[in-house]
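An overview of the molecular structure
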Amino acid sequence: AFIDIREMRQQRIQDARHLLAARADQLAREIDGIHQGYWNSTERVSRLPAVQAYCAAPPDNRADHATRLLGVFGTFNKSDAQIHGVAVIDTRGKIVLSSDDQRTGANLSTRPAVQQALLGKSVITGIANAPRQGEQHPTVAYLAPVRDADNRVSCLVAIAIRAQVFWDVLKSAHEGAGANS
């Protein structure tokens, strides 16, 4: 009887490990799916002809392009509550156009993610606090370079999202594999 109880206990522990591993894999896929969706959006925006025209235009001739882009950027904010904003960053690391007016003009040149993106790499930042409506919000930013006809980086596109979206996935899975899991 003791051996049977011990074997049954070991089998239950093994079953619980498998269940927890399966739930962890499911959570990882959900979080990866969220990342991939925002990543794809950032890449698509960086390839929009209107974005490329804005980045190629001299700074004093961008007004028409800016109006059009702000309309496009506004649809992101309206269609997804998790998006803080969409912005264009020039080659000096300065936000030159943003769906969040308060961020326009901010200098991000010292940030490693911006520096990497300006070298032509697409970047996903870690979680950082970003000011939004007078409060600090945990934020993740997706940055994609915009390339000119000669394949040089002419500016960057950034989409900033609330990091809360990842926490919500974790909270929804709380105790999904049993009590205290």
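To start, this report covers the structure provided alongside it. (Residues numbered from 1 in each chain as written. Predicted model: local features only at pLDDT ≥ 70, side-chain atom pairs only at ≥ 80, totals over all residues. Heavy atoms only, no water.)

**Observations regarding the overall build of the protein**
We apply this condition: Numbered from the N terminus, helices here are DSSP runs of H or I no shorter than four residues, and strands are runs of E no shorter than two. Each radius of gyration reported is based on C-alpha atoms, and the globular scaling rule is 2.2 Å times the count of residues to the power 0.38. Accessible area is worked out with a 1.4 Å probe on protein chains only. A residue is then buried under 20% of its type maximum, exposed over 50%, and partly exposed in between. Note on definitions: a residue-residue contact is assigned when non-hydrogen atoms from the two residues lie within 4.5 Å.
Along the protein, the regular secondary structure elements total 5 helices and 6 strands. Counted from the first residue to the last, the protein has its helices and strands arranged as α-α-α-β-β-α-β-β-β-β-α. The C-alpha radius of gyration of the protein comes to 22 Å, more than 25% above the 16 Å expected for a compact globule of 181 residues. Based on the C-alpha atoms only, the size of the protein along its principal axes is roughly 85 × 35 × 30 Å. The proportion of buried residues among the 181 residues of the protein is 38%. Residue pairs at least 24 apart in sequence account for 52% of intrachain contacts in the protein once pairs closer than 6 positions are excluded.

**With respect to the nonpolar core**
The cut-off we apply is this: Here, the term nonpolar core denotes a set of buried Ala, Val, Leu, Ile, Met, Phe, Trp, Tyr and Cys residues that are joined through side-chain atoms within 4.5 Å.
Ranked by size, the top nonpolar core spans 30 residues in total, and within it Ile-161 and Phe-166 carry the most contacts. Those elements giving two or more residues to this core turn out to be helix H1 (2–46), helix H2 (49–56), helix H3 (63–79), strand E1 (83–89), strand E5 (135–147), strand E6 (153–162) and helix H5 (164–172). It is H1 that provides the largest number of residues to this core, a total of 6 residues. Within the second largest apolar cluster, 14 residues are counted, among which are Ala-87, Ile-95, Ala-106 and Leu-108.

**Topic: the pattern of salt bridges**
To keep it simple, the criterion reads: Salt bridges are counted wherever a side-chain nitrogen of Lys or Arg sits within 4 Å of a carboxyl oxygen of Asp or Glu.
Tallied over the entire structure, the rule returns 4 salt bridges. The salt bridge involving Arg-47 is made with Glu-43; its shortest N-O contact spans 3.2 Å. Among the residues examined, Arg-47 registers a relative accessible area of 53% and is labelled exposed. Judged by its relative accessible area of 14%, Glu-43 falls in the buried class. Ionic pairing is found between Arg-92 and Asp-90, a salt bridge with its closest N-O pair at 2.6 Å. Judged by its relative accessible area of 59%, Arg-92 falls in the exposed class.

**Regarding the packing of H1 against H5**
Note the following rule: An axis is simply a line fitted to the C-alpha atoms; with a helix, the fit covers only the stretch in contact. Between two such axes, the angle follows the N-to-C directions and lies from 0 to 180 degrees. Under this scheme an angle from 65 to 115 degrees is roughly perpendicular, one under 35 degrees roughly parallel, and one over 145 degrees roughly antiparallel; angles in between are oblique. Handedness of a crossing follows from how the near helix is turned relative to the far one, being left-handed for an anticlockwise turn of less than a right angle and right-handed for a clockwise one.
It is at 10 Å that the axes of H1 and H5 come closest, and there the two elements cross at 155°. Overall, the two elements H1 and H5 adopt an arrangement that is roughly antiparallel. Judged by the twist between their axes, the crossing of H1 over H5 is right-handed. Contact with H1, carried on its side by Leu-27, Glu-30, Ile-31, Ile-34 and His-35, involves Val-165, Phe-166, Val-169 and Leu-170 of H5 and no other residues of that element.

**A look at the pairing of E6**
The test is simple: In this scheme, strands are said to pair when DSSP sees at least two bridges between them.
Counting buried residues in E6 gives 9 out of 10 residues, a clear majority hidden from the surface. As defined by bridge partners, E1 adjoins E6 across 6 bridges and the pair is classed as antiparallel. In the sheet register, Val-86 faces E6, and the bridge partner there is Ile-159. Linking E5 to E6, which pair antiparallel, is a turn of 5 residues; within it Asn-151 sits at a positive phi near 70°.

**Details of the packing of aromatic side chains**
The test is simple: Centre distance within 6.5 Å is the pairing criterion for rings of Phe, Tyr and Trp, where only the six-membered ring of Trp is used; planes under 30 degrees apart are then read as stacked, over 60 as edge-to-face, and the remainder as tilted. Note on criteria: charge over ring means Lys NZ or Arg CZ within 6 Å of the ring centre, with the direction from the centre no more than 35 degrees off the ring normal.
Taken as a whole, this structure holds 2 aromatic pairs when the rule is applied. On the numbers, 5.9 Å between centres and 35° between planes, the contact of Tyr-38 with Tyr-142 is tilted. Placement of Tyr-38 in helix H1 and of Tyr-142 in strand E5 is noted, with a sequence separation of 104 residues between them. Taken individually, Tyr-38 and Tyr-142 each receive the classification buried, so the pair is uniform in this respect. Each member of the aromatic cluster is reached from another via a ring pair, and the members are Tyr-38, Trp-39 and Tyr-142. Positioned above the aromatic ring of Tyr-54 is the side chain of Arg-62, whose terminal nitrogen or guanidinium carbon lies 4.7 Å from the ring centre.

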